[in-house]
Amino acid sequence: MEQLSVNISGMSCAACAQNIERLVQRLDGVTAAEVNFGTETLTLAFNPAQVSFDQINGAMLRAGYTLHLPQEDEAAARARRKAGEMHALWRRFVWSAVFTVPLMVFAMVPMFLKEAGIDVIPYHLNPLHYPAMNMMVQALLTAPVLLVNRTLFRDGFRSLLLRHPNMDSLIAKGTTVAVLYSLYLTVQNVFFGAHYIPYYEVAAVILMLVVLGKYLEAKTKGKTSAAIEKLMGLAPKTAHVIRDGVEIEIPIECVVVGDIIVVRPGENMPVDGVVVSGETAVDEAMLTGESMPVQKKAGDQIIGASINGNGAIRYRATKVGKDTVLAQIIRLVEQAQASKAPIARLADVISGYFVHAVIIIAVLSGAAWLVAGAGLAFSLRIFIAVLVIACPCALGLATPTAIMVGTGKGAEHGILIKSGEALETAHKLDTVVLDKTGTVTEGKPRVTDIVTKSGHREADVLRLAAAAEHQSEHPLGTAIVVYGREVCATLPEAEGFHAITGQGIQATVEGKCVLIGNRRLMDSHHVPVDDATADCDRLASGGKTPMYVVIDSTLAAIIAVADVIKPTSKKAVADLQAMGLEVIMLTGDNRRTAEAIAREAGIDTILAEVLPQEKAEHVKTLQTQGKKVAMVGDGINDAVALVQADVGIAIGSGTDVAMESAQVVLMRGDLTGVVAAILLSKKTLRNIKQNLFWAFGYNVLGIPIAMGALYLFGGPLMSPMIAALAMSFSSVSLLLNVLRLKRLRLDV
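Think of each chain on its own: its residues are numbered from 1, step by step along the sequence as written. Where totals are concerned, whole chains, interfaces and linings use all residues; where local detail is concerned, this predicted model gives features only for residues with pLDDT of at least 70, and gives and counts side-chain atom pairs only at 80 or more. For side-chain calculations, the full set of non-hydrogen atoms in the structure is used, while hydrogens and water are omitted.

**Here we look at the overall build of the protein chain**
A run of DSSP states H or I qualifies as a helix once it reaches four residues; a run of E qualifies as a strand once it reaches two. Both are numbered from the N-terminal end. Secondary structure summary: the protein chain contains 26 helices and 26 strands in total. Values of the radius of gyration come from C-alpha atoms, whereas the globule rule sets the reference at 2.2 Å times the count of residues to the power 0.38. The C-alpha radius of gyration of the protein chain comes to 35 Å, more than 25% above the 27 Å expected for a compact globule of 748 residues. Along the longest, intermediate and shortest principal axes, the C-alpha atoms of the protein chain span 125 × 65 × 60 Å. Note on classification: 1.4 Å probe, protein chains only; a residue is buried when its accessible area is under 20% of the maximum for its type, exposed when over 50%, partly exposed between these limits. Expressed as a percentage of its 748 residues, the buried residues of the protein chain come to 53%. Whether two residues are in contact is decided by their heavy atoms, any of which lying within 4.5 Å being enough. Within the protein chain, residue pairs in contact and separated by at least 24 positions form 69% of the contacts whose partners lie at least 6 positions apart. For every accessible area listed, the method is Shrake-Rupley and the probe measures 1.4 Å; residues are considered covered only by the protein chains on display. Total accessible area on the protein chain stands at roughly 33300 Å², and carbon and sulfur atoms take up 58% of it.

**Overview of the environment of T100**
Summarising the element assignment, T100 is placed in helix 3 (residues 74-116). Residues T100 and K237 lie 137 residues apart in sequence; the distance between their C-alpha atoms is 47 Å. Every residue in contact with T100, bar those within four places of it in the chain, is listed here: V145, A204, V205 and M208.

**Re the packing of helix 12 (residues 376-389) against helix 24 (residues 672-706)**
The interhelical angle for the contact between helix 12 and helix 24, taken along N-to-C directions, is 170°, at an axis separation of 8 Å. Between helix 12 and helix 24, the interaxial angle falls into the category roughly antiparallel. The hand of the helix 12/helix 24 crossing is right-handed. Contacts between helix 12 and helix 24 pair I382, A385, V386 and I389 from the former with Y698, N699, G702, I703 and A706 from the latter. Helix axes use the C-alpha atoms of the stretch in contact, all axes being lines fitted to C-alpha atoms, and the angles between their N-to-C directions lie in the range 0 to 180 degrees. Each angle gets one of four labels, with under 35 degrees taken as roughly parallel, over 145 as roughly antiparallel, 65 to 115 as roughly perpendicular, and the rest as oblique. Less than a right angle of anticlockwise turn of the near helix away from the far helix marks a crossing as left-handed, whereas a clockwise turn marks it as right-handed.

**Looking at the side chain of R92**
Within the fold, R92 resides in helix 3. At 3.4 Å, the side chain of R92 forms a polar contact with the side chain of T151. Here a polar contact is taken to be a pair of N or O atoms separated by no more than 3.5 Å, where protein atoms must pair a possible hydrogen donor with a possible acceptor and residues adjacent in sequence count only if both atoms sit in side chains.

**Some remarks on the sheet that holds strand 24 (residues 629-633)**
One requirement defines pairing of two strands: DSSP has to find at least two bridges between them. With mixed pairing, the 7 strands of this open sheet are ordered in space as 14-26-25-24-15-22-23. Strands with a single pairing partner mark the edges of an open sheet, and in this sheet they are strand 14 (415-417) and strand 23 (605-607). In this sheet, adjacent strand axes meet at a mean angle of 20° when their direction is disregarded. Inspection of the sheet shows strand 24 paired to strand 25 (residues 647-651) by 4 bridges, in the parallel sense. For M631, the partnering residue across the bridge sits in strand 25 and is G648. Helix 24 contacts strand 14, strand 15 (431-435), strand 24, strand 25 and strand 26 (664-666) of the sheet and is inclined by roughly 50° relative to strand 14.

**Re the packing of aromatic side chains**
The rule is short: rings of Phe, Tyr and Trp, with Trp giving its six-membered ring, pair when the centres are within 6.5 Å, and they are stacked under 30 degrees, edge-to-face over 60, tilted in between. Going through the model one piece at a time under the given rule, you end up with 8 aromatic pairs. An angle of 40° between the planes, with centres 5.4 Å apart, marks the rings of W90 and F93 as tilted. Residue W90 and its partner F93 are both found in helix 3; the two are separated by 3 residues, about one turn of the helix. You can call W90 partly exposed: its relative accessible area is 40%. On the basis of relative accessibility, which here comes to 16%, the residue F93 falls in the buried class. Ring plane angle 45° and centroid distance 5.0 Å describe the contact between W90 and Y215, whose orientation is recorded as tilted. Placement of the pair is W90 in helix 3 and Y215 in helix 7 (residues 200-224), with a sequence separation of 125 residues. Within the aromatic cluster, the residues linked to one another by ring pairs are W90, F93 and Y215.

**So, unusual backbone geometry**
Trans peptide bonds make up most of the peptide bonds, and negative phi angles are found at most residues other than glycine. Although it is not a glycine, E510 sits at a positive phi angle of roughly 50°. Mapped onto the elements of the fold, E510 is located in the loop between strand 18 (504-509) and strand 19 (512-517). Positive phi is not limited to glycine here, since S553 has a value of about 70°. Counting through the fold element by element, S553 comes out in the loop between strand 20 (545-551) and strand 21 (554-562).

**Comments concerning the state of the cysteines**
Disulfide assignment relies on a single distance test, namely cysteine sulfur atoms paired within 2.5 Å. For the structure shown, the criterion picks out 0 disulfides. Left unpaired, C488 is separated from the closest cysteine sulfur, that of C513, by 20 Å. Under the relative-accessibility criterion, C488 is labelled buried at 12%.

**Let's talk about a positive patch on the surface**
Each patch is built from residues lacking any salt bridge and having more than 30% relative accessible area; the joining distance is 9 Å for like charges and 5 Å for nonpolar side chains (Val, Leu, Ile, Met, Phe, Trp, Tyr). Each salt bridge in this description consists of a side-chain nitrogen of Lys or Arg and a carboxyl oxygen of Asp or Glu lying within 4 Å of one another. Neither His nor the chain ends is counted toward charge; the positive residues are Lys and Arg and the negative residues Asp and Glu. Working definition for charges: the position is that of NZ of Lys, CZ of Arg, CG of Asp or CD of Glu. A cluster of basic residues, K683, R686, R740 and R743, forms a positive patch on the protein surface. Counting through the fold element by element, R686 comes out in helix 24.

**Details of the side chain of E201**
Mapped onto the elements, E201 comes out in helix 7. An unpaired buried charge is present at E201: no salt bridge exists, and R381, the closest side chain of opposite charge, is 8.8 Å distant.

**So, the packing of helix 5 (residues 150-161) against helix 6 (residues 167-192)**
Axis separation between helix 5 and helix 6 bottoms out at 7 Å; the angle between their running directions is 110°. Compared by their axis directions, helix 5 and helix 6 come out roughly perpendicular. Only D168, S169, I171, A172, K173, T175 and T176 of helix 6 make contact with helix 5, whose side of the interface consists of L152, F153, D155, G156, F157, S159 and L160. When residues are sorted by character, Ala, Val, Leu, Ile, Met, Phe, Trp, Tyr, Cys and Pro go into the nonpolar class, Asp, Glu, Lys and Arg into the charged class, and all the rest, Gly among them, into the polar class. Its residues assigned to classes, the contact of helix 5 with helix 6 comprises 6 nonpolar, 5 polar and 3 charged.

Next up, the structure:
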């Protein structure tokens, strides 16, 4: 099986999306076909041995649609197609207006003045006095409008003949009836001296307004995908690399892994890599949502497309092309935008039958008025108004455009949502399970306390302890070394280093014997530490790991090391609880340490001493209790639990984007992203529901009014021109509501 995602051109409404899915799924060898009207994409799964892409595209061409395979520079190709479509629509509208405006003046102004009793037009210039000539002029002005919009008639009637009618079919059918009836009346006026009033201006105005509506819809819809275009525009086009000892400028496509790249102040990083020399501050906000610049030095990771600050650096390229973080972000956002949310299924089902139902309603309502004695002209007016006011576009745009803006908004803040389903499900969550290490906490032990004994100075103890631990590979020893380097100017050399498994280390520093370890190490060396027991217990109750430091057989200090909580964790937990969510911490650590961390973070419920393979079972247990669960972890030990959860949220570090186990990836390594993701989901789903309410409400109210429901009770009768105006702007107003999401603040 081969899976492929391609762009589609030629769709005019949501009914087209349903038609394409049905047509493609009928082909032998095609197992799945899903069309997203909002993004104009078709996701295919087919057997190349049974059907080729050319055969699929051929079937689409016969139905009036065109498939476009992804190109090397897909963003530019898509932009060119969109620009061409927009230009064609605008040209059609301008030429329609050039002939429709004079037609309206010629046909309607004399009638309006006559009804108002205003006699300002000279007799020999008044077209009402020359009915035959009046009709012929209107017919001649209408002909160019029909000509420039011939594609609408071609596509509309082709879909009708294929028994898959769409919005173009409704418009083509309505305007054709108006023009044919007007031609019949013209023959009556010219050859038989009748004085009928034609419907030429109705047909022309409908076509002009429909084209204007399509143009505005395309223009507005283009703004919903601005996030992807912005991301695609982040990467620079060229890079300065060192080749054969000489700095040269090359296209970014020519950069290869291992190249040394030179970046000056203010320039964008071309690709991902590792700093080899220099120091600078890098702005990664557009990729991770982190507002503060990140300091970079030798050995630090560089994310392509981030912006260099005031320092010059050189770094080695490690990922290029489609492997970069930026490329992965774009790919994830595109996949999310092309996916369908469960809430879209109702709209899809209705859209599939919508146009057929409208045609039936239009025929029945026109026939009913005719049988009731309203006359042919009146019945045709009802028939045309019903056909024109119906709008399947709004139904088709309600969900995908909101998902496009929502996922794009998330990407701008370092929240990568992999599917529309994940975005929808997140708003239903009532429980958030947090892994401890690396999620609530920093994930790296740090020195938190130094309690000196026997008159020793803290700086002296730290200097000797850090020097002694320099050769240690244990995380606790590394924490002491890191802190010692931060505080002390220099560290002396240690000799005779010896690691004692399960107890600690021993080394000689500046002629002094230094021991660092636990109570077992102290007992084995007969060092009395009873006087320090209270301090050790106090530190341990706070979730810290105390270590004794002995210098020349004398207890010199207790150094406590702990995996401290992230600065943002406490506020994020409070925000989640304020949203009505139950927050649970899940960890493999002992209960004493877990309780200390939970107490500091404000978490009430703890599941401690849980093995990695048991985490998914705990999530499943919560789900069996009827809870909607989000699992938040680092995507490594928590992989199974992330998959088991209703929504798996992986905490990334700016380079862990492709975490297959999670549905949501947070580029920033803190819990504020969880709050923002859930808030984004709630706001997006609220917007979708507003859109669907408007789309359904518009058609439920508009179609009966067009059928003459108000006229039955003495109210006004809807003009087909007003129906066209309402239909054209229904989708535009819905899209404007979607664009409100772009103003959503996620800086929680």
